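Residue-level structural notes
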Amino acid sequence: MSVRTRVAPSPTGDPHVGTAYIALFNMVFARKLGGKFVLRIEDTDQVRSTDESESMILESLRWLGLNWDEGPDVGGEYGPYRQSERSAIYQAHAQTLLDSGHAFICYRTPEELEALRAARKADGRHTALKPSDLMLPAAEVEKRKAAGAPYVIRMMVPEEGKCEVNDMLRGTIELDWGQVDAQILMKSDGMPTYHLANVVDDHLMAISHVIRGEEWINSAPKHKLLYQYFGWDMPVLCHMPLLRNPDKSKLSKRKNPTSINYYKRMGYLPEAVVNYLGRMGWSMPDEAEKFTLQAMIEHFDIQRVSLGGPVFDTTKLSWLNGLWIRESCTPEQLAQKLRDWAFNEDYLMPVLPLIQTRLEVLSDIVKLADFFVAGQLDIQAEQFEFGKLEALQVRKILQYSLWQFEAVRSWDRDTISQSLSGLSQALGLKMKDFMMPLFVAVSGRSAAPSIMDAMVILGSDMTRARLRHALDVLGAPSKKEAKAWEKEFRAMEL
């Protein structure tokens, strides 16, 4: 069998280290066995997907040296490699399922779905909705069809029983059909869900092994059923352990920087980041901490993956990065890496216009632009004492801005300005007063060159990381506070 693996990220935000982690193991597995590694873009979410995000995904994976054999930019015999360009393929396969009786059109409204789930819960049953819950009488279906009511296409699923799924790391996994809902396959906008699109694409692209995160284990019965419905052989499944925060919670941008762009901006070497990701749940035969990507490929055995949740610890990453800087770089190579990192024309050109009018001698750049090339800033609580703002207001401004930034899809000056302007109005504060804590958090000083331009240059994840750091310095909200604040934040008309 020809080995073919894939990674299929969604272009809906900054490129996630979890994407790089899964891409690494897919690429190494394929390279070890002389196979092909495919990059596919899951952009069926037309509201959240952006070209900017797709470009960042490609750029960040290339920065790490995780190169693909087929993809949207390099082509291949199984294209197109963007799901938004494959709509007709999914529609045809959805129709095949309808014609064979393995799927049905569902006209249920959101209110009806909520009521059905509530009824199942009241009866002590799983809240996963089954075809018997969802299918309407033929007359009602015709009535809603004639009225042009929106509908989705759902798959038929068993009402009860067990489903056995084979996994490369876990062996046979037994899952309860009672907890599997009649999954939506085609949304009301005519776009497929993950479940249909990935099964169809993996088959048509001849993917032999699906190596993905363990969060997809509960979806495996749906995928196995779809393969059976189509009469296709199912790829070999391998569910990798999830990356976790030091407190063992799932790695998320609410607690830690998760964007590859952040680690690039911080000055981590790509070799060190790949090395560290390779240590996430896997080890070299000799247990070596430091190894190259090529060495990982040469010694790779997926059975050495440990199922315990690997902890993504930035302190350990920094230690490993230091080893790479000290042991693997000549002074000439280090000089080049510094130029590539922050002292390159692409990065300096947006910065220089912001500080040029304040320069008297070239050495002034050190004090005017230091925060553009710094990591976390050395800030003190006293810097956040403002006459026009109470301590509670300062903390809320930082936390609410952080939440607001998490929802920003396009990281540009106008979007940032509009987001913060709406938030300042909702809090009843003048923009000048509202911005003061942000100046300190982002630049380490009370006044700095165009802080919004600075946020754009630093990037969304570095900006959020500095806001989180400022909150830690001032005292992050307690669980009770956070719950009350988030309720207030969600109620704002932004």
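Each remark here, short or long, concerns the structure printed above.
Residues numbered from 1 in each chain as written. Predicted model: local features only at pLDDT ≥ 70, side-chain atom pairs only at ≥ 80, totals over all residues. Heavy atoms only, no water.

**With respect to the overall build of the chain**
The following threshold applies: In this text, helices come from DSSP runs of H or I with a minimum length of four residues, and strands from runs of E with a minimum of two, each type numbered from the N-terminal end. To get the radius of gyration, use the C-alpha atoms; to get the globule rule, take the number of residues to the power 0.38 and multiply by 2.2 Å. Buried, partly exposed and exposed residues are distinguished by accessible area as a fraction of the type maximum, computed with a 1.4 Å probe on protein chains only: under 20%, between the cut-offs, and over 50%, respectively. Note on definitions: a residue-residue contact is assigned when non-hydrogen atoms from the two residues lie within 4.5 Å. His is not counted, nor are the chain ends, whereas Lys and Arg count as positive and Asp and Glu as negative. Every charge is mapped to an atom, namely NZ of Lys, CZ of Arg, CG of Asp or CD of Glu.
If you tally the helices and strands in the chain, you get 21 helices and nine strands. Over its C-alpha atoms the chain spans a radius of gyration of 25 Å, differing by no more than 12% from the 23 Å that the globule rule assigns to 494 residues. Expressed along its principal axes, the backbone C-alpha trace of the chain runs to roughly 80 × 55 × 40 Å. Residues classed as buried in the chain amount to 49% of the 494 residues present. Partitioning the contacts of the chain with sequence separation of at least 6, the portion at a separation of at least 24 is 76%. The positive charge centre, built from 59 side chains, and the negative charge centre, built from 65, are 3 Å apart in the chain.

**Quick notes on a nonpolar patch on the surface**
For the record, the criterion: Residues qualify for a patch when their relative accessible area is over 30% and they have no salt bridge, like charges being joined within 9 Å and the nonpolar side chains of Val, Leu, Ile, Met, Phe, Trp and Tyr within 5 Å. Per-residue and other accessible areas follow the Shrake-Rupley method at a 1.4 Å probe size, with only the shown protein chains counted as cover for residues. Salt bridges are defined as contacts in which a side-chain nitrogen from Lys or Arg sits within 4 Å of a carboxyl oxygen from Asp or Glu.
A grouping of Leu334, Leu338 and Phe343 is seen on the molecular surface, where their side chains present a nonpolar patch of about 250 Å² in accessible area. Of note, Leu338 is situated in helix H13 (residues 331-341).

**What about the sheet that holds strand S7 (residues 184-186)?**
Operational definition: Pairing between two strands requires that DSSP report at least two bridges joining them. Structural elements are reduced to axes, namely lines fitted to C-alpha atoms, with helices fitted over the stretch in contact, and the angle between N-to-C directions of any two is expressed from 0 to 180 degrees.
An order of S3-S4-S7 is seen for the three strands of this open sheet, with the pairing classed as antiparallel. Each edge of the sheet is formed by a strand with only one pairing partner; in this case those strands are strand S3 (103-106) and S7. In this sheet, neighbouring strand axes are inclined to one another by 45° on average, regardless of whether the strands run parallel or antiparallel. Sheet analysis places strand S4 (residues 152-155) next to S7, joined by two bridges and oriented antiparallel. Bridging from a neighbouring strand, Arg154 pairs with Ile184 of S7.

**Description of helix H19 (residues 451-458)**
Within H19, six of the eight residues are buried, leaving the element largely enclosed by the surrounding structure. Taken as a whole, H19 has its buried residues at Ile451, Met452, Ala454, Met455, Ile457 and Leu458. Where the residues of H19 are buried, they touch helix H9 (260-266), helix H14 (345-355), helix H16 (391-406), helix H17 (413-426), helix H18 (431-443) and helix H20 (460-474). Downstream of H19 by a residue or two, Gly459 has a phi angle that is positive, lying close to 100°.

**Observations concerning the side chain of Ser259**
Under the convention used in this document: N or O atoms within 3.5 Å of each other form a polar contact, as long as, within protein, one can give a hydrogen and the other can take it, and as long as residues adjacent in sequence are counted only when both atoms are side-chain atoms.
Note that Ser259 resides in the loop between strand S9 (236-240) and H9. Among the polar contacts listed, one links the side chain of Ser259 to the backbone nitrogen of Asn261, at a separation of 3.0 Å.

**Things to note about the packing of aromatic side chains**
As a reminder, the rule being used: Each Phe, Tyr or Trp ring, with Trp reduced to its six-membered ring, pairs with another whose centre is within 6.5 Å; inter-plane angles below 30 degrees give stacked pairs, above 60 give edge-to-face pairs, and intermediate values give tilted ones. When the NZ atom of lysine or the CZ atom of arginine is within 6 Å of a ring's centre and also within 35 degrees of its normal, the charge is said to sit over that ring.
The tally for this structure, following the rule as stated, stands at 19 aromatic pairs. Taking the centre distance of 5.5 Å and the plane angle of 55° together, the rings of Tyr107 and Tyr151 count as tilted. Separated by 44 residues along the polypeptide, Tyr107 in the loop between S3 and helix H4 (110-122) and Tyr151 in the loop between helix H6 (138-146) and S4 bring together distant segments of the chain. A residue is classified by how much of its surface remains accessible, and Tyr107, at 7% relative accessible area, is buried. Each member of the aromatic cluster is reached from another via a ring pair, and the members are Tyr21, Phe25, Trp282, Phe291 and Phe300. Taking the ring centre of Tyr347 as reference, the NZ or CZ of Arg265 above it sits at 3.8 Å.

**Some words on the pattern of salt bridges**
What the rule picks out here adds up to 32 salt bridges. A salt bridge links Asp167 to Arg170, with the nearest nitrogen and oxygen atoms 3.9 Å apart. Taking relative accessible area as the criterion, Arg170 reaches 23% and is therefore assigned partly exposed. Here Asp181 ties to Lys222 by a salt bridge, and the two come within 3.0 Å at their closest N and O atoms. Taken together, the residues span a long stretch of sequence, with Asp181 in the loop between strand S6 (171-176) and S7 and Lys222 in helix H8 (residues 220-230) at a distance of 41 residues.

**Looking at unusual backbone geometry**
In this structure, Pro80 follows Gly79 across a cis peptide bond, with omega equal to 0°. Examined against the element boundaries, Pro80 turns out to sit in the loop between helix H2 (51-63) and helix H3 (87-99). In this structure, Lys248 takes a positive phi of about 80° despite not being glycine. With respect to the secondary-structure elements, Lys248 resides in the loop between S9 and H9. The phi angle at Glu287 is positive, at roughly 65°, despite the residue not being glycine. Residue placement: Glu287 occurs in the loop between helix H10 (270-278) and helix H11 (293-299).

**Remarks on the packing of H18 against H20**
Quick reminder of the rule: Working definition: roughly parallel below 35 degrees, roughly antiparallel above 145 degrees, roughly perpendicular at 65 to 115 degrees, and oblique for all remaining angles. Each residue is assigned to one class: nonpolar for Ala, Val, Leu, Ile, Met, Phe, Trp, Tyr, Cys and Pro, charged for Asp, Glu, Lys and Arg, and polar for all the others, Gly among them.
Their axes nearest at 8 Å, the elements H18 and H20 cross at an angle of 105°. Overall, the two elements H18 and H20 adopt an arrangement that is roughly perpendicular. Contact residues: H18 offers Leu438, Ala441 and Val442, while H20 offers Thr463, Arg466, Leu467 and Ala470. Here the residues of the contact of H18 with H20 are counted per class, giving five nonpolar, one polar and one charged.

**Notes on the pairing of strand S2 (residues 36-39)**
Here is the key point about a regular strand: its side chains alternate between the two faces of the sheet. For clarity, the threshold we go by: Crossovers are described as right-handed under a simple rule: with the strands pointing away from the observer, the path leading from the first strand over the helix to the second runs clockwise.
Pairing analysis gives four bridges linking strand S1 (residues 4-7) to S2, with the strands arranged parallel. Bridged to Val7 within S2 is Leu39. What joins S1 to S2 is helix H1 (residues 17-32), and the crossover it makes is right-handed.

**Some details on the side chain of Glu42**
Relative to the elements of secondary structure, Glu42 occurs in the loop between S2 and H2. Despite its burial, Glu42 remains without a salt bridge, the nearest opposite charge being carried by Arg40 at 4.7 Å. With sequence-adjacent residues up to four places away left out, Glu42 is seen in contact with Ala8, Pro9, Ser10, Pro11, Ser49, Gln83, Tyr194 and Asn198.

**Observations regarding H10**
For H10, a buried count of eight out of nine residues is recorded, marking the element as mostly surrounded by other parts of the structure. All of the buried residues along H10 are Pro270, Ala272, Val273, Val274, Asn275, Tyr276, Leu277 and Gly278. On the buried face of H10, the contacting elements are H1, H2, H11 and helix H12 (314-328).

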